[in-house]
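Chain and residue survey
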Amino acid sequence: EAIAKCMNIPRNNQELLEKIYYLDMHCAEKAQDPPPIAVTRAKRYLYRFPEGPNYREALAMELKAYYDMGMYNEAINTAKKIYVDELNSAKKEVDKSYNRSLWMRTVGFIGECYQQTGDYDRANKIIKAYANILINEPYAPEVFISWSKTAEKMGQIYEAIRRLEVVLPRTVDPDKKA
């Protein structure tokens, strides 16, 4: 209730309103609010600021929330928006807004979503096309373990083991002291 009043004060300029909506969305993410709340806050930001400075972050938050809720088709649709946007940004050499990390994480989510919906052919094409790039990302273990589980479900035990062997050297034990 209080945030709605704050957001709707007529004297707030667009820059301040954008920051309020962004912080509202960002708080949901940092507080690890349930996925429906994350989607709502991301959509609220995107509705009000479809080309705002943080719209990519809002799309990424929406994508992850849909994935976490098992709404894989919605996640794929959101991923396609990110994909097209990043592709357009990458084509423009002048545009420094290309975000490789967002791009790669989106590709990982697309592959995982295709796996979850049973479209294993598309998922495998993504794995083959991007595995060498994704392996160097910090979330590689999560993606490769998911991809390994899919290979196991398909009865491809050796492929499942191979996918795990690829990522095992890059996993870090959270209990290991620095």
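Each value, and the rule that gives it
- Residues numbered from 1 in each chain as written.
- Predicted model: local features only at pLDDT ≥ 70, side-chain atom pairs only at ≥ 80, totals over all residues.
- Heavy atoms only, no water.
- Salt bridge = Lys/Arg side-chain N within 4 Å of Asp/Glu carboxyl O.
- Helix = DSSP H or I, 4+ residues; strand = E, 2+ residues; numbered from the N terminus.
- Buried < 20%, exposed > 50% of the residue type's maximum accessible area, 1.4 Å probe, protein only.
- Phe/Tyr/Trp six-rings, centres within 6.5 Å; stacked < 30°, edge-to-face > 60°.
- pLDDT = per-residue confidence, 0-100.

1. As for the pattern of salt bridges
- Taken as a whole and judged by the stated rule, the model has eight salt bridges.
- The shortest N-O distance in the salt bridge between D68 and K64 comes to 2.8 Å. Highlighted residues: D68 and K64, both in helix α4 (residues 55-68), separated by four residues, approximately one helical turn.
- You can call D68 partly exposed: its relative accessible area is 44%.

2. Side note on the packing of aromatic side chains
- Inspection of the entire model under this criterion finds five aromatic pairs.
- With centroids separated by 5.7 Å and ring planes inclined at 70 degrees, the aromatic side chains of Y21 and F49 adopt a geometry described as edge-to-face. In this pair, Y21 sits in helix α2 (residues 14-30) while F49 sits in the loop between α3 (35-48) and α4, placing the two residues 28 residues apart along the sequence.
- Judged by its relative accessible area of 9%, F49 falls in the buried class.
- With centroids separated by 5.4 Å and ring planes inclined at 65 degrees, the aromatic side chains of Y67 and Y72 adopt a geometry described as edge-to-face.

3. Quick notes on the confidence of the model for the protein
- Per-chain confidence: the protein averages 80 in pLDDT, with 84% of residues scoring 70 or above.
- Across the protein, the secondary-structure element scoring lowest on mean pLDDT is helix α1 (residues 2-7), at 60, and the one scoring highest is α3, at 91.

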